[in-house]
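Chain by chain, the residues:
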Amino acid sequence: MAAFAVSGAGAQQPSGKVLVAYFSHSGNTREVARQIAGVSGGVLFDIVPVTPYPSDYRTVVDQAKKEIEAGARPALKSRVEDMSQYDVIFIGSPCWWATVAPPVATFLTSCDLAGKTVVPFMTHEGSGMGHSEADIRRLCPRSTVPDGLAVRGSAVRNSKNEVGRWVRARLKNGF
């Protein structure tokens, strides 16, 4: 569980750094990640697969379905240098077939997240969180995984206030 210290404003802040890691195919998840980092002071980390996904919607949907069904873990271009400095990891993904995108699953299973708070956020066009929270809990069995935030992709540009309230509430209440 993450340790917290009281800030001058009375809100609790993680005593270590916050990481905002995300995979974004269309840019929506990247925008929410930037909003979260802006409020939390977190460090952004873009989860990038070695082999990019196709830009054609139908093709990427078909590929994602096959990868998720097969439990694929695509190789990533980079990794976080020193995960030990982070107490809280906000983890973002588009909701693909009701779960996290395979590069996010790779990230979660390739890092030592034991004892950390892993906070999901998803972008979607109607599926909400799907079963991503339960899936992340299975991928990170030694982490605390609170309920996350779902943001409709078409509403991302207008979600800054909602995202800000959600992040501040998490930080104030210790997740």
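Residues numbered from 1 in each chain as written. Predicted model: local features only at pLDDT ≥ 70, side-chain atom pairs only at ≥ 80, totals over all residues. Heavy atoms only, no water.

1. Notes on the pairing of strand β5 (residues 86–94)
Here's step 1: In terms of burial, β5 is largely enclosed, as nine of its nine residues are buried.
Here's step 2: Pairing analysis gives six bridges linking strand β3 (residues 17–22) to β5, with the strands arranged parallel. Paired with V20 across the bridge in β5 is F90.
Here's step 3: Bridging between β5 and strand β6 (residues 117–124) involves seven bridges; their strand directions are parallel. When the bridges of β6 are listed, S93 appears paired with M122. (Buried < 20%, exposed > 50% of the residue type's maximum accessible area, 1.4 Å probe, protein only. Helix = DSSP H or I, 4+ residues; strand = E, 2+ residues; numbered from the N terminus. Pairing = 2+ DSSP bridges.)

2. A few points about helix α1 (residues 28–40)
Here's step 1: Here α1 is 13 residues long and its end C-alpha atoms lie 19 Å apart, about the 18 Å a rise of 1.5 Å per residue gives.
Here's step 2: Taken together, the buried positions of α1 are occupied by T29, V32, A33, Q35, I36, A37 and S40.
Here's step 3: Where α1 is buried, its residues meet β3, β4 (43–46), β5, β6, β7 (149–152) and α5 (160–173). (Expected span 1.5 Å × (residues − 1). Contact = heavy atoms within 4.5 Å.)

3. Quick word on the confidence of the model for the protein chain
Here's step 1: The pLDDT averaged across the protein chain works out to 91; a share of 91% of its residues lies at or above 70.
Here's step 2: Note on residues 1–12: pLDDT is under 50 here. Beyond four places in sequence and across chains, it has 28 contacts. (pLDDT = per-residue confidence, 0-100.)

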